[in-house]
Every structure is written in C-alpha cells, then in structure tokens.
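# Summary of structural features
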Amino acid sequence: MNRRDFLASASATTVLPLTALAGQAPLRLRAEAVTQQILPDGDGATAMLGFNGSMPGPELRIRRGKRVVIDVENGLEEGTAVHWHGVRLENQMDGVPTLTQEIINPGEIHTYSFVPPDAGTYWYHSHYISHEQVARGMMGPLIVEDDTPPDIDHDITVLLSDWQMREDGSLIDDYTNMHSASHSGYMGNFARAFLSKSRVKIGDRVRLRLINMATNRIFSLVLSGVSGQVVALDGMPLVEPRPFLDLVLAPAQRIDLIVDVTGPVGFDMNSRQGPYRLADLAVEGANTSRQSSPIMALLPYDLPIPNEPTQRLTLTMMGGAMSRRHGGDNIWAFNDVSDLPTGPFGSFKRGETVRMTMVNDTKFAHGIHLHGHHFFEVNSDGILGDLRDTTLVDAGKSRDIICVFDNPGRWLLHCHMLSHAAGGMRTWVNVA
Ligand code: C2O
Ligand code: CU
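Residues numbered from 1 in each chain as written. Chains lettered and ligands numbered in written order. Predicted model: local features only at pLDDT ≥ 70, side-chain atom pairs only at ≥ 80, totals over all residues. Heavy atoms only, no water.

### Brief notes about the nonpolar core
For soluble globular proteins, the rule of thumb is that nonpolar side chains tend to be buried together. Formed by 59 residues in total, the largest nonpolar core has its most connected members in I70, W84, M358, I368 and F405. Two domains each provide a minimum of three residues to this core, namely domain 1 (17-286) and domain 2 (311-431). Apart from residues no more than four positions distant in its own chain, I70 is found in contact with L27, L29, L60, W84, H110, T111, Y112 and F114. Of all hydrophobic cores here, the second largest spans 53 residues; its members include V34, Y186, I255 and F267. (Core = buried A, V, L, I, M, F, W, Y, C linked by side-chain atoms within 4.5 Å. Buried < 20%, exposed > 50% of the residue type's maximum accessible area, 1.4 Å probe, protein only. Domains from an automatic or database assignment. Contact = heavy atoms within 4.5 Å.)

Structure follows, in structure tokens:
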C-alpha cells in the first residue's frame, strides 16, 4: 500500500471532554457500537466500539478503599469482558475470560465489584479478542482518587492512542495482519490524545495523567508550555518527584505529571517525520493567585516490602520476524511456549518474594504486564527501581523485576503489545 506514514495530525479544535461518572453508587458501562469524531473536525467520523456512547469510554472516578460496583452491559454483537488494568483487585474481578470469568455474551450484564487499594491513574479495556476490541475503541480511564488530593488547579486525563484509518475516517480492520503481528504489531496511521479539559490559565498548576491506550505503539512524548515533574508511574507515586525531558510510554503504561503552565500547551509525539501533534490545551488568561512552591510527592504507596527472593525465574521472550526459531506453535513465545499453557509458568505461596529475569531474545521491544500486582524494576546497579505493572524491555535487552506475590489467584502475564499477546506471548502465574 502506498500511503503516507501518518494522516495529518489533529488540529487545536479536537479536544474531546470526557464525561466523568463519579461516586460509589453502582456505575454502568454499556459496551456498544459508537460513532466518534477521531479525525479533525470537518473530516469524517469513525464507526467504532466504545462505552456509553463514546470512545474513549467515560472517565470512572472512584474512591480508594471504598467498594465500587460496575455493571457491564454487553450491547455488542459479540462476546466481551472488561479488565481494570493495574488495580490490585480480587482475582475473580480481573476480567480475563477463561482464566477468571466466563465471556459476557451479547445482551448479558456482568457485575464487577472490588475495593481499589491504591489511589492513582488506571484504565479499563476489553480483555476479549483485545487486539481487535481495544483497537476498535473499547477502553477508558479509571481514576482512583486520592484521600488528600495534591494542591493543583486542574486534574486532566490525557489518553493516547492510534488507529489505522482511511482518509474518510473509516477504520481499516486489519487487526490480525500476520506481517504486522510478527513485527511491532498493528500500528495506526493516525494518532491523537483526548483530554478531559480543554483550557487552562498561565500559571496554573496542573496534574496530567498520561495513559497509553494504544494496542501496540510506544509513545515518545514531548510537552511544550509546561515545566514540572513526574510524580507517579503506572499509578504508583514516586518517592521523590523527578524531572523529565522525553516521556516514553509502552502500551498500557501511565505517567502522572504535576506541571506549571508557562505557555500554550502542546503534546507532540516523536515520529520518523519529526514531531506529530497529538493535542493542544488552550491557554486563556493568567492565574495570579497561585504562589510558586515546590512540587511535592503524592501520598506514599502502601505495598508489601520485598524480602530476600525465595524463587528466581527467567522469562525469555522469543519469536517474531528475524528471530531464531522457538518451540512454540504461534508467532511469539515465552520460554518456548506459545499461548496460555494449562499449567502456570510460576507457582507462588501467598506473600512470597520472587525475582524474575525478563530476557528479550527478539528483534522488537515488548511491554510485559503482570495482572493483580505491582512489581519493582531492578536497576542496573541492583537497586530496587520504580514500581510498575507493565515494564518495557527493549530488543536484545533484559530486565529483572522483584515482586511480592501477595494477591491469591490466577494472574495473566503477557506482552501488552496486543498483537504480540494474540500471537502467543502470554502465560500465567498462580498465587495460593
Ligand atoms: Cu491491560 Cu492483560 O491487560
Ligand atoms: Cu511484545
């Protein structure tokens, strides 16, 4: 196909405010076909999937430590299931068909109910044929509110994604293309960000919650018009806020920033053609009442402290184009096994500390996601690094993680490049 790498980027007018559903009263998400303006205004609208009439789905705002009940109604013509990405919830609420629940059939309602233990930035997405259903739009933000919010003027969610589209706005539904699946995965020719607010003032202090909802794209972002610090990764607060230049998000990863607005705010991704504008945040007027002050850390996380590891495991990513053969029977494999094995890759006693070496023996980057837990990345100096639920391992590299497996149940461990997961790169662990 002879097509430009990217369709023209989004204009300043395409900020889509998200409808927030707040509170601990039962929430309802109806999965359904929607029509959404994805391309800039004036270009064609896109027929896709979403929740409650919109894509992305509504922003769910819930309270830490309080039980939430979410009824998911399947208004699609196919099965589905919803996963609450990153939340350390009860296993049977994890939304993974066959491992933790049955598929929600068309017309059925499935009730999810859990107590989110950690404040932070999460998201929800389909976990059934997800390389296709997420690419078609089944995703939305899930915000667990802080007990004591930081001192900010605006809390803005920034949802990043990309789609393969024709110039008329229709989706090119080539989700299972073998060539892309064996390379970097289904990749859009149009990308943009959806913001939950459209304007701020110069001098405002703003929390930006960046969420990469793309199925396969690693976003490398540059922000203009702000100066500030990273305060959380994958929902978990950093002990010390950290400065940033480029921001890299593998699929499913989140970065929270607290920034001061210094001028018109732009979100650009780095692409081979140079910067590509994903969204603008209009600036109107000045905030004269805010005093300058240092950016403080968010309230600390409350997770079990790792002990000396009692098990060490190696997870080797294999397969894909230009790689050596592996024993699995699909495109991708972990340790020579493709697709979900009948037995777990690891079996852990509840509370056990495990060290896992993730070896990327392929020619492509992979973002590996563990369900139901957060884990520490181990830095090259052997020191415990950031807490994450998804870790990016570049081609030919390896990374150690340390995890306290304190959440009982059957938990998926898979590449969050969803074409790779569909191509076999998934396994599971058992905690008992
Ligand atoms: Cu974001 Cu297995 O999921
Ligand atoms: Cu992968």
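Okay, back to it.
### Points about the sheet that holds strand 7 (residues 109-114)
A sheet is described by the order of its strands in space; here 4 strands give the open sequence 3-2-5-7, paired in mixed fashion. With partners counted over all chains shown, the strands left at the sheet margins are strand 3 (46-51) and strand 7, one partner each. Strand-to-strand twist of the sheet, defined as the mean angle between neighbouring strand axes without regard to direction, takes the value 20°. Where strand 2 (residues 27-36) meets strand 5 (residues 68-74), 5 bridges bridge the pair, whose relative direction is parallel. In the sheet register, A31 faces strand 5, and the bridge partner there is N74. (Pairing = 2+ DSSP bridges. Helix = DSSP H or I, 4+ residues; strand = E, 2+ residues; numbered from the N terminus. Axes fitted to C-alpha atoms, helices over the stretch in contact; angles between N-to-C directions.)

### Here's the deal with the side chain of R355
Inspection of the secondary structure puts R355 in strand 22 (residues 352-360). Residue R355 is classed as buried on the basis of its relative accessible area, which comes to 19%. With near-sequence residues (within four places) excluded, R355 lies in contact with P309, Q311, R312, L313, V378, D400, I401 and I402.

### Some words on the domain arrangement of the protein
By a frequent convention, interface size equals the accessible area lost on bringing the separate parts together. When its domains are assigned, the protein resolves into domain 1 (17-286) and domain 2 (311-431). Just the C-alpha atoms count here: the centres of domain 1 and domain 2 sit 23 Å apart. Facing 41 residues of domain 1, the contacting portion of domain 2 comprises 34 residues. Here domain 1 and domain 2 share an interface that buries about 3000 Å² over both sides, 57% of which is from carbon and sulfur atoms. The interface formed by domain 1 and domain 2 includes 3 salt bridges. Here D386 and R242 are joined by a salt bridge, their closest N and O atoms 2.7 Å apart. There are 24 residue pairs in polar contact (both at pLDDT 80 or more) connecting domain 1 and domain 2. Among the elements of the structure, strand 6 (82-85), strand 8 (120-126), helix 1 (130-133), helix 2 (178-181) and strand 15 (236-242) are those that each provide at least two residues to the side of domain 1 that touches domain 2. Tallied by class, residues from the side of domain 1 that touches domain 2 come to 18 nonpolar, 17 polar and 6 charged. (Buried area = accessible area lost by both parts, 1.4 Å probe. Salt bridge = Lys/Arg side-chain N within 4 Å of Asp/Glu carboxyl O. Polar contact = N/O pair within 3.5 Å; in protein donor to acceptor, adjacent residues only side chain to side chain. Nonpolar A, V, L, I, M, F, W, Y, C, P; charged D, E, K, R; others polar.)

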